[in-house]
Amino acid sequence: MSRSIHGFVLWICLLAGLLACPHALSGQEWPSYGGDPGGTRFSKLEQINRSNVSRLRPAWTYHTGERRLGFPRDDSRPAAFECAPIVIDGRLFLVTPSSRVIALEAETGRELWVFDPQKGRNQRHFEQHRGAAYWQGMAEGKTSRRIFYATFDGKLIALDAMTGRPCPDFGQEGMVNLRRGVADKWPHRGYGQTSPPAIFEDLVIVGSIVPEGPGLGPSGDVRAFRAQDGSLVWTFHTVPRPGEYGHDTWEAESWKDRTGVNVWSIMSVDTKRGLVFLPIGSPAYDFYGGDRKGSNLFGNSLVALDARTGKRVWHFQMVHHDLWDYDMPAQPVLATLHQGSQEVPLAVQVNKMGMVFAFERESGRPFFPVEERPVPASKVPGESSWPTQPFPVKPSPLVRHAMTRDDITSVTPEHREFCLDLFDSLVNGPIYTPLGEQLTLQIPGTLGGATWSGASFDPQSGYLFVNVNELPMLGAIEPKVNHPDYSFVRSSPWGAYARLWNAEKVWPCIKPPWGKLVAVDLNKGEIAWSSTLGIVPELSEKKVSPTGAPNLGGSIVTAGGLVFIGSTNDSRLRAFDSNTGKELWVTRLEASGHALPVTYLGQKSRKQFVVIAAGGGGYFSKEVSDAVQAFALPDGV
């Protein structure tokens, strides 16, 4: 059968299947990580709105059982419960930190089935995981509904959505070994995935997590597999090989066996145009590039591929020759603006530098001008830092790009004194100051501006909602003599990833707000409003003005005029007015919700639910739980 005929037949089959699932078609459910394949995180539901959100109440709570399985172990940073559930035809599907997949009845939280890939192991591995993807189509002559996800140890698994059993016709008994073809030379180096794959037609498109150091190791190539049988359809080389576009951005043989340059976050799909958008990470080693001179495509780039073939359509590199671990952490948002009678389709990428890049979706041309500006040069022996970096002229950065003594916090006298002593010991410079052999300030740090939390988009207002951190870092480049893998490594007295904060309290040294929710008007390229996000209870009790809080997770926006967000390390879920940024509702969670909330309409009750994984853990939260919590309006509202 030809590709075109196959595609037409599949389209008919998909349409027939979706007609059996009208809730997914009408926007009443949450069938993809970002609500839709383009990651807008927008819901048409408006039952919960500005006028009644204050009356939201707990509807149900489900405990995954991770704690019975030994989570968390005695480690300093337990894995966060970062999953955003997907909801299809009355079923809610989630992935836990031990890579278990659980199906619940979406209205009640009643458990339907559990798939456990680590069943029978003496010791379990726990890793953050952001969720699964759903595919519906024809397999072996009948309609098939499948849950796809990839595990921390490099397995792509297909499960029957109704039963939770592996699909025997996919790969080997429901599993494809993702290490094969990309990590064969590196059996003892990590390779896996913690984000959901992208789905386009009958293709399952996957990225990977690979080592951030040393420089050589498993490939970060992006691949597409057939949903029916797991056969490999195409591969995109994220580090271009000889003869491929971008190969000349790697000096000499530095491209060869290069690790990093991977998609560890979430991809987006334009189903109408047949494009898949890749937010690509940094080349390894993250903080020294003397062995990879050049701009290093496609590292730190947004890349648009033909989703059917894996061929590059366009790209834009947001950091040349990265030395700061400023990879692309967030799902691109495929936003469509309505300007008069014109529709303007965009691909919008937020990043750790707190910048918002917007591109015309088909061509890759910047929607707002981008300037290459000079940045400080590296003084590390053997390094060749790039002389310029791209800055969007609009919108303005969402976080600070430089810091002086006047920017040191004064939330308490003791904290200010601690921070001043630390700050005065650093080499200080603006954004893109390379780390030197003395302790150097890095602003922003690797956990903000924006992170994998990403952004949500309201097509009615044209507002993009981004939660950001103000959390600088510090570090130095330390030479390694006669080391087999490293010439230089990032270091500090507090570890490689030291931050400018009181680590015990998780209080940054920069003036608050430490966490913000920002609305960007994409029509104008201007910040519409900015609200403090989160509290530090200890400081609130001392009557210190709201500080905001470190946050990881994301927001969703609804037609009811609300932005829902957990994210903060204060164990709270909030709703903001999407027009003004006013906080309208807040509730306590069992632990911090470092995850994307979702919303959907119950098939029987016709109630709108808001659900979030409230597990704490991760970089910011010592408190942990295994709770999934749902909220709805009381009867009669």
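A quick note: this is a predicted structure, and the numbers were derived from the prediction, not measured.

Procedures and definitions
- Residues numbered from 1 in each chain as written.
- Predicted model: local features only at pLDDT ≥ 70, side-chain atom pairs only at ≥ 80, totals over all residues.
- Heavy atoms only, no water.
- Disulfide = S-S within 2.5 Å.
- Helix = DSSP H or I, 4+ residues; strand = E, 2+ residues; numbered from the N terminus.
- Buried < 20%, exposed > 50% of the residue type's maximum accessible area, 1.4 Å probe, protein only.
- Pairing = 2+ DSSP bridges.
- Core = buried A, V, L, I, M, F, W, Y, C linked by side-chain atoms within 4.5 Å.
- Contact = heavy atoms within 4.5 Å.
- Axes fitted to C-alpha atoms, helices over the stretch in contact; angles between N-to-C directions.

A. Main features of the state of the cysteines. All chains considered together, the criterion is met by 1 disulfide. With its sulfur 2.2 Å from that of its partner, Cys419 forms a disulfide with Cys509. With the S-S bond torsion at -75°, the cross-link from Cys419 to Cys509 turns out left-handed. Linking Cys419 in helix 3 (residues 413-424) with Cys509 in the loop between strand 30 (507-508) and strand 31 (515-521), this pair joins segments that are 90 residues apart in sequence. Considered together, Cys419 and Cys509 belong to a single accessibility category, that of buried residues.

B. Structural detail: the pairing of strand 8 (residues 142-150). For strand 7 (residues 133-139) and strand 8, the ladder comprises 7 bridges, and the chain directions are antiparallel. Bridged to Gly137 within strand 8 is Ser144. Hairpin connection of strand 7 to strand 8: 2 residues between the antiparallel strands, including Glu140 at a positive phi of 55°. Of the pairings in the sheet, the one linking strand 8 to strand 9 (residues 155-160) comprises 5 bridges and is antiparallel in character.

C. Seen up close, the sheet that holds strand 34 (residues 562-565). Spatial strand order, 1-33-34-35-36: 5 strands in an open sheet with mixed pairing. Two strands bound the open sheet, and with one partner strand each, they are strand 1 (42-43) and strand 36 (583-588). Looking at chain direction, strand 35 (residues 572-577) and strand 36 are connected through 5 bridges and run antiparallel. Bridge pairing in strand 36 places Ala575 opposite Trp585.

D. Inspection of the nonpolar core at higher detail. Core analysis: the largest hydrophobic core is formed by 62 residues, its most contacted members being Trp60, Leu92, Ile147, Phe564, Tyr600 and Val611. Looking at this core element by element, the count peaks at 6 residues for strand 38 (residues 608-616). Among all residues touching Tyr600, those that are not within four sequence positions of it are Gln28, Glu29, Leu45, Trp60, Val87, Leu92, Ala106, Lys607, Gln608, Phe609 and Val611. Counting residues in each nonpolar core, the second largest holds 23 residues, with Val239, Val261, Met267 and Ile280 among its members.

E. Representation of the sheet that holds strand 15 (residues 268-270) within the structure. Reading across the sheet, the 4 strands line up as 15-16-17-18 and stay open at both edges, with antiparallel pairing between neighbours. Of all the strands in the sheet, the pair left with one neighbour each is strand 15 and strand 18 (312-317). On average, each strand axis in the sheet is tilted by 15° relative to the strand beside it, whichever way the strands run. In this structure, strand 16 (residues 275-279) lies alongside strand 17 (residues 301-306), joined through 5 bridges in antiparallel fashion. Across the sheet, residue Phe277 finds its bridge partner in strand 17, namely Ala304.

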